[in-house]
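Listed here are the chains, written in short residue letters.
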Number of protein chains: 2
Amino acid sequence: MARRPRTRPTLEEVAALAGVGRGTASRVINGGAKVSDRARQAVEDAIAELGYVPNAAARALVTRRTDAVALVIAESEERVFGEPFFAGIVRGIGAALASADRQLVLILADARRRGSLEHYLTRQHVDGVLLLSLHGDDTLPDRIRGHGLPVVVGGRASAGVRTGFVDVDNVQGAGLAVAHLADRGRTRIATIAGPADMVAGSSRFEGYVEGLTAADRPFDERLVVRGDFSQDSGARAMRTLLQREPAVDGVFCANDLMAVGALQTLREAGRRVPEDVAVVGFEDAPVARSSVPPLTTVHQSPGAMGREMVALLLETMATGDMTLPGRMLPTRLVVRQSS
Amino acid sequence: MARRPRTRPTLEEVAALAGVGRGTASRVINGGAKVSDRARQAVEDAIAELGYVPNAAARALVTRRTDAVALVIAESEERVFGEPFFAGIVRGIGAALASADRQLVLILADARRRGSLEHYLTRQHVDGVLLLSLHGDDTLPDRIRGHGLPVVVGGRASAGVRTGFVDVDNVQGAGLAVAHLADRGRTRIATIAGPADMVAGSSRFEGYVEGLTAADRPFDERLVVRGDFSQDSGARAMRTLLQREPAVDGVFCANDLMAVGALQTLREAGRRVPEDVAVVGFEDAPVARSSVPPLTTVHQSPGAMGREMVALLLETMATGDMTLPGRMLPTRLVVRQSS
DNA sequence: AGTAGGCGTGGGAACGCTCCCACATTGGTG
DNA sequence: CACCAATGTGGGAGCGTTCCCACGCCTACT
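Residues numbered from 1 in each chain as written. Chains lettered and ligands numbered in written order. Predicted model: local features only at pLDDT ≥ 70, side-chain atom pairs only at ≥ 80, totals over all residues. Heavy atoms only, no water.

Asks: Quick rundown of the protein's contact with DNA strand C? Include the residues and the values.
Replies: As a matter of local geometry, DNA strand C sits amid 27 residues, with Leu11(A), Arg22(A), Tyr52(A), Gly21(B) and Arg64(B) nearest to it. Take Arg64(B): an N or O atom from its side chain is 2.5 Å from a phosphate oxygen of DNA strand C. Broken down by secondary-structure element, the contributors of at least two residues to the surface near DNA strand C are helix H2 (22-29) and helix H4 (56-63) of chain A together with helix H2 (22-29) and helix H4 (56-63) of chain B. In terms of residue count, the dominant contributor to the surface near DNA strand C is H4(A) (five residues). Class assignment for the residues of the surface near DNA strand C results in eleven nonpolar, nine polar and seven charged. (Near = heavy atom within 4 Å. Polar contact = N/O pair within 3.5 Å; in protein donor to acceptor, adjacent residues only side chain to side chain. Helix = DSSP H or I, 4+ residues; strand = E, 2+ residues; numbered from the N terminus. Nonpolar A, V, L, I, M, F, W, Y, C, P; charged D, E, K, R; others polar.)

Below, the structure is given as structure tokens:
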């Protein structure tokens, strides 16, 4: 093993050993323009011999950049590590940042740790911030932007926001689902909607309404029940629907978990899926594959979302324009056996 | 919102506004010893007015510390976000670091991204490194230590390592399990062991042997089958055991997943659990609660492991002693219905 | 009354780097 | 043969902190 130097070698020492000036050594390490081969070789040898590693703090101090980007996930550890959605998004972000030569710094910040998080971010540890899954009314993105840090939010915080976010096109996806149900000849198409105060809830409902109109189906208020995205609430909502309108023959659920709940109720009620009632979910979560029957659902790609977030952030950082418009990602329908 | 300053305020500007010297302002922000109330108040007002945030790079440059610790998880995103074990460990680490006023920087590094990871770590971005779940023969910890960075590994890389790690006391835990089976009057106690080249595999087997000796039960080679920690391998191993020794009445499995596989085989073979055969697992994974019947298992606490890792790392950082002995965490038996 | 000690303070120096300007040294041109 | 441009180079300045030394002032001793 190499001897542990009491103090880490500096650029000056590298330059001295290589017999060149500090400037030349710096040029070799960075851009590398306009350096003679002789000098370059000497510097590279010296770096190898001393085991030199540039000091990030010193560099950041003068360049005012760190080449690192924070991914802040404002959720409890349990949820983060529970939902496969996060794995995909993190994978997409990681890959995109790696090919842009940026380091990913993942920060988990549940509510309790908010204060220290904000401090950390504004201290110029990172050049930009990706924010995931914050709860509706959070002002965190604006506060961070207030400190001059570019921010991109995954999923819109609320429907009004028009800048600096990447989200799945929920309206389009829900429309796809309804069009598909209509296509299958369903005439009484119900929805189990999500909470109205969440963007995913309200805009998927919006897409449902638009889809009905486009397919020339009437909108019937009795065919709308709201759940809270949990499996239980889906099961309950389905019971309500069957009671209100026994002739229901198609259901669009705002997420897969509620759809699984609905399937369960339908099975208990003796309705065949998809013969009697066709069911479509949203998300294409792993459970959609393993449910009985496997679920037709609107596919959203977390990987693509991660990559888009990075692209938007890099663009914001490059242009300095904090008001870049948000981006909507298209979805597609995955037809399985439930419809 | 506050006006966005073209350039962020510096300590010097704060000091000027407060009508004090740079030194005094610095003293207010840090330790705060020996500052008059008048000066302190003036500086604090100035900080608030300017929205001053200390520049981390500048501070790190002179103090040679960043007050940040990296948690490197050397696994694919899928596994990290799939295993509940990680959630617990990250939670423990997060809490421990927060109360020590250190920032947690989570870095996911699958094999492909190794190079840039090592660079990042040695560039003085963090003061110490916590390493999780690296594969057996990895030399990463030593290479990082070679750069003068303290490292603590979660789970021993291999049985020979005696420093800088925190691990569950597998030997003790396995002993507990066997003692329990003996206590239940089982006389033919078999084991479904893990791979011999993994620490968790070999040391749990070691504990099994010790447990037999302590309980005055003979060691019988025919009662040992190795699996690979998967449910399938557990099911297969159990079939082998039943075939070799139909009178087997107790089984210690090196992890819960294999235990679940064993339960499955036993059910198919018409053996009652626990009446005919008692089964004990290791890990206390969530599946242990939901299996049929619920699994008696050796509980290990990922939260405690995380906290211990942080404690050991902080101690290493404080003393500068990179050869602190590793720590073994005790386990306890959780008795459910499978024994 | 004179002095020793403490407390609070200001500001120079240093941390290790990049930026940039000025200075060779070359080769080619009028 | 003088001149200029291009090329490569060295090193000063400065990034925003903390550390530390030296200085003034006040209090409380001898």
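Asks: Residues and numbers for the sheet that holds strand E9 (residues 278-283) of chain A, please.
Replies: Residues and elements named next belong to chain A. Read across the open sheet, the six strands follow the order E7-E6-E8-E9-E10-E12; overall the sheet is mixed. The open sheet has two free edges, formed respectively by strand E7 (224-226) and strand E12 (332-334), since each of these has just one partner strand. On average, each strand axis in the sheet is tilted by 20 degrees relative to the strand beside it, whichever way the strands run. Where strand E10 (residues 296-299) meets E12, three bridges bridge the pair, whose relative direction is antiparallel. By the bridge assignment, Val298 is partnered in E12 with Leu333. (Pairing = 2+ DSSP bridges. Axes fitted to C-alpha atoms, helices over the stretch in contact; angles between N-to-C directions.)

Asks: Give me the lowdown on the pattern of salt bridges, citing residues and values where you can.
Replies: Close approach of charged atoms allows side chains of opposite charge to pair. All names here are of chain A. Here the structure, examined in full by the defined rule, presents 24 salt bridges over all chains. The shortest N-O distance in the salt bridge between Arg22 and Glu12 comes to 3.3 Å. Taken together, the positions of Arg22 in helix H2 and Glu12 in helix H1 (residues 11-18) put the pair ten residues apart, joining distant regions of the chain. Between Arg222 and Asp220 there is a salt bridge whose closest N-O contact spans 3.4 Å. (Salt bridge = Lys/Arg side-chain N within 4 Å of Asp/Glu carboxyl O.)

Asks: Kindly report on the domain arrangement of chain A, identifying the contributing residues and their values.
Replies: The assigned domain composition of chain A is domain 1 (11-54), domain 2 (68-168 + 303-329) and domain 3 (170-299). On a C-alpha basis, the centres of domain 1 of chain A and domain 2 of chain A stand 37 Å from each other. (Domains from an automatic or database assignment.)

Asks: Quick rundown of the sheet that holds strand E7 (residues 224-226) of chain B? Include the residues and the values.
Replies: All names here are of chain B. Taken in spatial order, the six strands of this open sheet run E7-E6-E8-E9-E10-E12, and their pairing is mixed. If you trace the sheet from one side to the other, it starts and ends with E7 and strand E12 (332-334), each paired once. Taken pair by pair, the neighbouring strands of this sheet meet at an average axis angle of 20 degrees, ignoring direction. Bridge count between strand E9 (residues 278-283) and strand E10 (residues 296-299): four bridges; the pairing is parallel. The partner of Glu283 across the bridge, within E10, is His299. Across the sheet, helix H9 (residues 170-183) touches strand E6 (189-193), strand E8 (250-253), E9, E10 and E12, and the angle it forms with E9 is around 165 degrees. In the packing of helix H12 (residues 256-268) onto the sheet, the strands contacted are E6, E8, E9 and E10, and the crossing angle to E9 comes to about 160 degrees. (Contact = heavy atoms within 4.5 Å.)

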